[in-house]
Amino acid sequence: LKFLYRKIAYLNEYTKRLLVSSLIQCHFDYACSFWYPGLTKFWKDKLQVTQNKLIQFVLNLEHRCHIDQQHFISLGWLAVSRRVEQITLCHVFKINNSQSPDCMGHLFVKQDSVHAYQTRSSQNGSFVPPKVKGFGLKSFSYWGCKLWNMLPPHIRQLPNISSFKRAVKDHFLNDKSHC
């Protein structure tokens, strides 16, 4: 980022967004659905501060400027924790639609396969979270099931990954409870 600041006179907003996405944010996304839940609050806050600095760079804001939800919406970005949730949900979408390796899918048990009763959760394609304790609460299988079950049913039933990803992003950007 320091190098990019030295070249800021030559960059427009589109170019800055492109450089930040391709050089820096890709490292945030790499396997984040597996390592992020295990981080302490200190490291999660550090990642969010780094993303806030990226927003300040792209939008030409002062270094001490407060970053709020409107900045994220103007860039079409999600906060680090929400981005991790979106990536996790995309993995679960692929598991739900048999587009992932079988080794990942065996950890996700559909609600309707547990019993024959017709319940709201079985009709909406919910998963049964595994019974875990301690560090298991931060596992991909547990966290993925919980996130999937919290999604509105109309998003879970979308037919393809691109429309699903867009719907999840819009849902998170419009969610006022997580600001």
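Here's what I pulled together on the structure shown here. Note that the coordinates shown come from a computational prediction; the quantities given were computed from them, not determined experimentally.

How each quantity is defined
Numbers given to residues run from 1 along each chain, matching the order in which its sequence is written. Thresholds applied to this predicted model are a pLDDT of at least 70 for local features of residues and 80 or more for the giving and counting of side-chain atom pairs; totals over whole chains, interfaces and linings are not thresholded and use all residues. Working from all heavy atoms in the structure, the side-chain values ignore hydrogens and water. A side-chain nitrogen of Lys or Arg and a carboxyl oxygen of Asp or Glu constitute a salt bridge if their distance falls within 4 Å. For helices the rule is a DSSP run of H or I covering at least 4 residues; for strands it is a run of E covering at least 2, with both sets numbered from the N terminus onward. The buried label applies to any residue whose accessible area, calculated with a 1.4 Å probe on protein chains only, is under 20% of its type's maximum; exposed applies above 50%, and partly exposed to all values in between. A pair of aromatic rings is counted whenever rings of Phe, Tyr or Trp (Trp by its six-membered ring) have centres within 6.5 Å, and the orientation is called stacked for planes under 30 degrees apart, edge-to-face for over 60 and tilted otherwise. The criterion for a charge sitting over a ring is simple: Lys NZ or Arg CZ within 6 Å of the ring centre, and within 35 degrees of the ring normal.

Points about the pattern of salt bridges
- A full pass over the atoms with the stated rule returns five salt bridges.
- Between Arg82 and Glu85 there is a salt bridge, with the nearest N and O atoms lying 2.8 Å from each other. Taken together, the residues span about one helical turn, with Arg82 and Glu85 both in helix 6 (residues 80-96) at a distance of three residues. The burial state of Arg82 is the same as that of Glu85; both residues are buried.
- Between Arg82 and Asp175 there is a salt bridge whose closest N-O contact spans 2.4 Å.

Focus: the packing of aromatic side chains
- Across all of its chains, the model carries nine aromatic pairs by this definition.
- Seen in terms of ring centroids, Phe34 and Phe140 are 4.7 Å apart; in terms of plane orientation they differ by 40 degrees. Their pairing is tilted. Of this pair, Phe34 sits in helix 3 (residues 32-35) while Phe140 sits in helix 9 (residues 140-150), and the two are 106 residues apart along the sequence.
- The class for Phe140 is buried, based on a relative accessible area of 10%.
- When the ring of Trp148 is compared with that of Phe164, the centres are 5.7 Å apart and the planes differ by 35 degrees; the resulting orientation is tilted. Highlighted residues: Trp148 in helix 9 and Phe164 in helix 11 (residues 161-173), separated in sequence by 16 residues. Here Trp148 matches Phe164 in class, with each residue buried.
- Three or more aromatic residues joined by ring pairs form one cluster here, namely Phe34, Phe93, Phe108, Phe127, Phe140, Trp148 and Phe164.
- Positioned above the aromatic ring of Phe57, the side-chain terminus of Lys16 is 5.6 Å from the ring centre.

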